[in-house]
Amino acid sequence: YNTLQKLQNEFHKNIKLETIGQSFEKKNLTLARLSTDFKEEKHKVWIQCGAHGRETSTPIVCLSLIYNLAIIIQDKSSNKKARQKPSDGTCIFETEYWESSHSFDGALKFSINETLIDQFEFVVLPLVNPDGYEFALYEPGDIPLNLQG
């Protein structure tokens, strides 16, 4: 949650946080909504990560996605020109489909067609199963990580 709050503070015009419930162990389930304009009703793109306890890397991917989308949306909202293709071979605004690739420094980079930014609101839940995630980090072993049954 702290990382989401920091992202919202940095990109306050384009990110809204919403708690949609709690886990079995009463941890908040907080999602990030990203849009160029929250006043306009748009179709939603739902993205979720961390559904299974041992998916310890997918929440990080979702947080990286939120950050990269926020940068793209902020640039679009402030009428900045689309960023040029980076030298590491990743691309921004080149195709109609999501692309992800590893750059040589190990960072994940995402790209999306610029017109999709205007047409959709992105709703990202970075951690569906916080109980299993925490358990996997601190309690290694072969114990089932669905704590409800």
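Residues numbered from 1 in each chain as written. Predicted model: local features only at pLDDT ≥ 70, side-chain atom pairs only at ≥ 80, totals over all residues. Heavy atoms only, no water.

Participant: Pulling in residues and values, what's your account of the packing of aromatic side chains?
Facilitator: In the structure shown here, the tally under the stated rule is one aromatic pair. Aromatic side chains Phe-11 and Tyr-67 sit 6.0 Å apart centroid to centroid with 70 degrees between the ring planes, which places their arrangement in the edge-to-face category. Placement of Phe-11 in the loop between helix H1 (2-10) and strand E1 (15-22) and of Tyr-67 in helix H2 (residues 58-77) is noted, with a sequence separation of 56 residues between them. Under the relative-accessibility criterion, Tyr-67 is labelled partly exposed at 37%. (Phe/Tyr/Trp six-rings, centres within 6.5 Å; stacked < 30°, edge-to-face > 60°. Helix = DSSP H or I, 4+ residues; strand = E, 2+ residues; numbered from the N terminus. Buried < 20%, exposed > 50% of the residue type's maximum accessible area, 1.4 Å probe, protein only.)

Participant: Any chance you could break down the pattern of salt bridges for me, citing the residues and the numbers?
Facilitator: Under the defined criterion, the tally for this structure stands at seven salt bridges. Between Lys-44 and Glu-41 there is a salt bridge whose closest N-O contact spans 3.2 Å. Judged by relative accessible area, which is 43%, Lys-44 ranks as partly exposed. Among the charged side chains, a salt-bridge network with shared partners connects Glu-18, Arg-33, Glu-41, Lys-44 and Glu-121. (Salt bridge = Lys/Arg side-chain N within 4 Å of Asp/Glu carboxyl O.)

Participant: Can you lay out the state of the cysteines for me, pointing to particular residues and giving the numbers?
Facilitator: Tallied over the full model, the rule gives one disulfide. Sulfur-sulfur distance for the disulfide between Cys-49 and Cys-62 comes to 2.1 Å. The chirality of the disulfide connecting Cys-49 with Cys-62 is right-handed, given an S-S dihedral of about 75 degrees. Here Cys-62 lies in helix H2 and Cys-49 lies in the loop between strand E3 (43-48) and H2, a separation of 13 residues in the sequence. The same class applies to Cys-49 as to Cys-62, namely buried. (Disulfide = S-S within 2.5 Å.)

Participant: Residue-level account of H1, with values.
Facilitator: When we look at burial in H1, the residues that qualify are Leu-4, Leu-7 and Gln-8. Looking down the long axis of H1, one finds its buried residues gathered within 100 degrees of arc, a one-sided arrangement. In this structure, H1 carries Asn-2, Lys-6 and Asn-9 as exposed residues pointing more than 90 degrees from its buried face. The elements touched by buried residues of H1 are E1, strand E2 (28-34) and H2. (Arc of directions from axis to C-beta. Contact = heavy atoms within 4.5 Å.)

Participant: Which residues make up the environment of Leu-31, and what are the values?
Facilitator: With respect to the secondary-structure elements, Leu-31 resides in strand E2. In this structure, the C-alpha to C-alpha distance between Leu-31 and Glu-18, residues 13 residues apart in sequence, is 5.4 Å. If near-sequence neighbours (up to four positions away) are discounted, Leu-31 is found in contact with Lys-16, Leu-17, Glu-18, Ile-20, Trp-46, Val-123, Val-124, Leu-125 and Pro-126.

Participant: Can you lay out the sheet that holds E2 for me, pointing to particular residues and giving the numbers?
Facilitator: Reading across the sheet, the four strands line up as E1-E2-E6-E3 and stay open at both edges, with mixed pairing between neighbours. Strand pairing shows two members of the sheet lacking a second neighbour, E1 and E3, which therefore form its edges. For this sheet, the mean angle separating the axes of adjacent strands, direction not counted, is 25 degrees. The pairing of E2 with strand E6 (residues 120-125) spans three bridges and is classified as antiparallel. The partner of Arg-33 across the bridge, within E6, is Val-123. Against the sheet, H1 contacts E1 and E2, and its axis sits at roughly 155 degrees relative to E1. (Pairing = 2+ DSSP bridges. Axes fitted to C-alpha atoms, helices over the stretch in contact; angles between N-to-C directions.)

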